[in-house]
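Observations on the model geometry
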Amino acid sequence: MEPGGTATVMASVRTALAEGVKEWKPRVQAMAHEIHSNPEVAFEEVRSSEAAAALLAEGHS
């Protein structure tokens, strides 16, 4: 790799991560508020795990 190449790649990775966080933040916050508003018994978190799975599935659609 040429000099400075690693720094350029790392800058691109940081930018992509920051953009991803910015894009997903509202959805993750909404899910967190929904889970907090509807507590479940420990180790029986059915609705919250379904909400998390649905959110993750959005990334594959």
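For the structure, see preceding data.
The sections below set out a description of the structure shown in this document. Computed from a predicted structure; not experimentally measured. All chains use their own residue numbering, which begins from 1 and follows the written sequence. Restriction of local features to residues with pLDDT of at least 70 applies here, the model being predicted, together with a cutoff of 80 or more for giving and counting side-chain atom pairs; totals for whole chains, interfaces and linings are based on all residues. With hydrogens and water excluded, all non-hydrogen atoms of the structure serve as input to the side-chain values.

Attention now moves to the packing of helix H1 (residues 5–37) against helix H2 (residues 46–58). The geometry of H1 relative to H2 is characterised by a closest axis approach of 10 Å and an angle of 170° between their N-to-C directions. Classified by the angle their axes make, H1 and H2 are roughly antiparallel. Here H1 contributes Trp24, Arg27, Val28, Met31 and Ile35 to the contact with H2, which in turn contributes Ser48, Ala51, Ala52, Leu55 and Glu58. In the contact of H1 with H2, the residues fall into seven nonpolar, one polar and two charged. All axes here are fitted lines through C-alpha atoms, helices being fitted over the stretch that makes contact, and every angle between N-to-C directions spans 0 to 180 degrees. Where helices and strands are cited, they refer to DSSP runs of H or I of at least four residues and of E of at least two residues respectively, numbered from the N terminus. An angle below 35 degrees is treated as roughly parallel, one above 145 as roughly antiparallel, one from 65 to 115 as roughly perpendicular, and anything else as oblique. Throughout, a residue-residue contact means that at least one pair of heavy atoms, one from each residue, lies within 4.5 Å. Residue type decides the class: Asp, Glu, Lys and Arg count as charged, Ala, Val, Leu, Ile, Met, Phe, Trp, Tyr, Cys and Pro as nonpolar, and the leftover types, Gly among them, as polar.

Here we take up a nonpolar patch on the surface. Together, Val9, Val13 and Leu17 line one region of the surface with nonpolar side chains, adding up to about 250 Å² of accessible area. Inspection of the secondary structure puts Val9 in helix H1. The patches reported here contain residues having more than 30% relative accessible area and no salt bridge. Joining distances are 9 Å for like charges and 5 Å for nonpolar side chains (Val, Leu, Ile, Met, Phe, Trp, Tyr). Per-residue and other accessible areas were derived by the Shrake-Rupley procedure at a 1.4 Å probe size, with only the shown protein chains allowed to occlude residues. Basic side-chain nitrogens of Lys or Arg form a salt bridge, by our definition, when they fall within 4 Å of a carboxyl oxygen of Asp or Glu.

Everything listed is a geometric property; what it means functionally is a separate question.
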